[in-house]
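Given next are the chains, with one letter for each unit.
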There are 2 protein chains.
Amino acid sequence: MSEDVFGRFVARVRGQVDAWLASWLEARIEIARRRGPAVHAVAEAMAELVLRGGKRLRPALLAASYEACGGEGGADAVVPAGAALELLQGYLLVHDDWMDGDDVRRGGPSVPARMAERFPAVPEAASVLAGDLGSAWAIEAFSALTLAPARAMAAVAELGTLHADVVQGQVLDVCAEANDAAEVEAVHRLKTASYTTTGPVRMGARLAGAAEGQVGALAAFAEPLGIAFQLRDDVLGTFGNARVMGKPSGGDLREGKRTALVLHAKADPHASAAVAAVLGRADAGDSDVARAVEALEACGARARVEARIDALAREAREALARAEIPAEKRTLLEGAVGLLTTRER
Amino acid sequence: MSEDVFGRFVARVRGQVDAWLASWLEARIEIARRRGPAVHAVAEAMAELVLRGGKRLRPALLAASYEACGGEGGADAVVPAGAALELLQGYLLVHDDWMDGDDVRRGGPSVPARMAERFPAVPEAASVLAGDLGSAWAIEAFSALTLAPARAMAAVAELGTLHADVVQGQVLDVCAEANDAAEVEAVHRLKTASYTTTGPVRMGARLAGAAEGQVGALAAFAEPLGIAFQLRDDVLGTFGNARVMGKPSGGDLREGKRTALVLHAKADPHASAAVAAVLGRADAGDSDVARAVEALEACGARARVEARIDALAREAREALARAEIPAEKRTLLEGAVGLLTTRER
């Protein structure tokens, strides 16, 4: 099955990227240590977050796209580019956790939580600087690539663009308010698809020296996939199985996220009231949250989002069918559609 | 005189970089505008800060180094790289102003001040994101270079390293406390020299395809120059002419900066007491501040810092004398030593 094919590919890339990052970050931490205990603490916290986990989906998509475009040497040749994506994500997570006041990330303390403990006088500055360091490291790591420099430079341009996109998506999410499901998708496209699917796939294609048409064809596959991935995240954040997710259902409601689910519910007076009673209330009671979750199901909001995920997955598969890539690589990328849109956590 | 030569060179580079940035940022703002009013406001504030001024010393040093290493096409060929440095500086200034709570920058409202007005509910997140956008734009702008890609990639590595260095310098400055003048210089090396002199000069040399030895020779010139530049800034921040600087003397004292001046004064009981009475007190009276400023002069702290600036300038000139570059370019870079270490503001 294509999902298993992609699953095995992800596992292989994860092993390579994790090993590369462990050794590369060890050298960075040594540099930081010589610069004094404060620098060491910030660098160590950032590195630890990056090494603590994450599925490494982004490096895998980059590598799969690279292979689909006939990139020389296969996935092995683009490990530093995948590592750069993980460092970039580490930076985004740290700034995100600081903005949201989240203390837990990847099953451990978030970097802002660690900074608050280590630098009680300047926890916020230390948190933002830890993120900034991750952003700088992403460029340093990327420059360790030993591919043809013209291709590497084309991928640098993509890296700059995806970075600008994701920051603007975060602005939309934090500083503006989505009014309908279409606006939610605009945020998902910029804030999630940019650095999760579209950017990595475009970078992989550029690194392989793909022609403009092929880059565009793969991007047409990647963008709906990235939006569907985030919609799945929204569904899990509300309906997720507490045991599998490691956090209670309805979490997104308590956090006040205006997901597509919440916006669809606006048309239904009962669901709308049930949601309003708990939205953004961290101390909302379990039974009230359960009622809101049920109402989102009963009013058809969940079904609408599931239908939209299906439509986006279909769009991704159709774009893939049109792309001129070897059949074997098409199967690999098809597996990503299954894995990213039907995951349980 | 070499200072005039470098002054004219800076003016020429400034014209090119300003024109390039104006047109390039106009296109970025148009992209942001289509993404909604919040994104537009953040992008516009960031772009406006970058276009509002700055001496463009960093692009000039990059371009001078490029020419010194025989870079093809001269300064004209590296304008996007200089623009990238200005965007990077914009990002650093925004995160800096947010950390310090500074409302004024480059003779106008700082980006955090504008964000507080535009996004009263999330001023801090908007400020950090504006900076993040500048950081992303730096990479995008850099990738507009049309030089030999192998050279561009070598400069990308330098850009990543200088970014990591300046962030770690900021950590040292904000999260730790310098105990003596040597530790102050360690901060200056990382926080100022990295992105003001060493990084730009190394990038210029890489873009010209300079050999490792030549890159090192120019870095040996740039690093003491950058430290001297920041020590001059410290002297101006305490003794600066209020009329020329546009802000009262003793400003650094009220802001609580532990400069080399302040640390040298620790050895003198009278100066130490006079400084302690105003250090970090925004509401300190003018006469008390004036007394502290006089004490820093009387105890010899100013003379020690001036002597150190002279020694560093000499070190830079000696390194330049050893570098294998054309005489005309040596004169150009010698001018930078004069301009950066004897400036009045």
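Residues numbered from 1 in each chain as written. Chains lettered and ligands numbered in written order. Predicted model: local features only at pLDDT ≥ 70, side-chain atom pairs only at ≥ 80, totals over all residues.

Peer 1: Requested: an account of the interface of chain B and chain A, with residues and values cited.
Peer 2: Between chain B and chain A, the contact holds 42 residues from the first and 42 residues from the second. For the side of chain B that touches chain A, the secondary structure elements donating two or more residues are helix 2 (37-51), helix 4 (79-100), helix 6 (123-142) and helix 7 (149-175) of chain B. Residue composition of the side of chain B that touches chain A, grouped by class: 30 nonpolar, nine polar and three charged. (Contact = placed C-beta atoms within 7 Å. Helix = DSSP H or I, 4+ residues; strand = E, 2+ residues; numbered from the N terminus. Nonpolar A, V, L, I, M, F, W, Y, C, P; charged D, E, K, R; others polar.)

Peer 1: Tell me about unusual backbone geometry, and name the residues and values.
Peer 2: All names here are of chain A. In the Ramachandran plot, R56 falls in the positive-phi region, its phi being about 65 degrees despite a non-glycine side chain. Looking at the element boundaries, R56 is found in the loop between helix 2 (37-51) and helix 3 (57-68). Look at R56 and you get buried, because 24 C-beta atoms sit within 10 Å. (Buried ≥ 20, exposed ≤ 12 C-beta atoms within 10 Å, placed from the backbone.)

Peer 1: Tell me about the relation of the copies chain B and chain A, residues and numbers included.
Peer 2: Each copy superposes on the other: chain B lies on chain A with an RMSD of 0.0 Å after a rotation of 180 degrees and an axial shift of 0.0 Å. Such a combination of turn and shift is consistent with a two-fold rotation axis. By C-alpha distance to the rotation axis, the residue of chain B lying nearest is P149(B), at 2.6 Å. (Least-squares fit on C-alpha atoms with pLDDT ≥ 70 in both.)

Peer 1: I'd like a description of helix 16 (residues 327-342) of chain A, backed by residues and values.
Peer 2: The terminal C-alpha atoms of helix 16 of chain A lie 23 Å apart, and with 16 residues this matches the ideal 22 Å at 1.5 Å per residue to within 8%. Of all the residues in helix 16 of chain A, the buried ones are L332(A), L333(A), E334(A), G335(A), A336(A), V337(A), L339(A) and L340(A). (Expected span 1.5 Å × (residues − 1).)

Peer 1: So, the nonpolar core: which residues are in play, and what are the values?
Peer 2: Residues V42(A), M46(A), V42(B) and M46(B) are the most contacted members of the largest nonpolar core, which totals 256 residues. Setting aside residues up to four positions removed in sequence, V42(A) forms contacts with A126(A), L129(A), A130(A), L133(A) and V171(B). (Core = buried A, V, L, I, M, F, W, Y, C linked by C-beta atoms within 7 Å.)

Peer 1: I'd like to hear about helix 13 (residues 269-276) of chain A, residue by residue, with values.
Peer 2: Residues and elements named next belong to chain A. For helix 13, every residue scored as buried is listed here: A271, A274 and V275. Take helix 13 and look down its axis: the buried residues cluster within an arc of 95 degrees, on one side only. Buried residues along helix 13 sit in contact with helix 11 (251-255), helix 12 (260-265), helix 14 (286-298) and helix 15 (301-322). (Arc of directions from axis to C-beta.)

Peer 1: Could you give an account of the packing of helix 15 of chain A against helix 16 of chain A, with specific residues and numbers?
Peer 2: All names here are of chain A. Contact geometry for helix 15 and helix 16: axes closest at 10 Å, N-to-C directions at 170 degrees. Judged by the angle between their axes, helix 15 and helix 16 are roughly antiparallel. Seen from helix 15, the contacting residues are I309, A313, A316, R317 and L320; seen from helix 16, they are R330, L333, E334, V337 and T341. For the contact of helix 15 with helix 16, a count of residues per class yields six nonpolar, one polar and three charged. (Axes fitted to C-alpha atoms, helices over the stretch in contact; angles between N-to-C directions. Parallel < 35°, antiparallel > 145°, perpendicular 65-115°, else oblique.)

Peer 1: An account of the environment of A276(B) is requested, with residue identities and associated values reported.
Peer 2: Residue and element names in this part refer to chain B. Tracing the backbone shows A276 in helix 13 (residues 269-276). Its 14 C-beta neighbours within 10 Å are what place A276 among the partly exposed residues. C-alpha of A276 to C-alpha of G256: the two residues are 20 residues apart in sequence and 9.6 Å apart in space.

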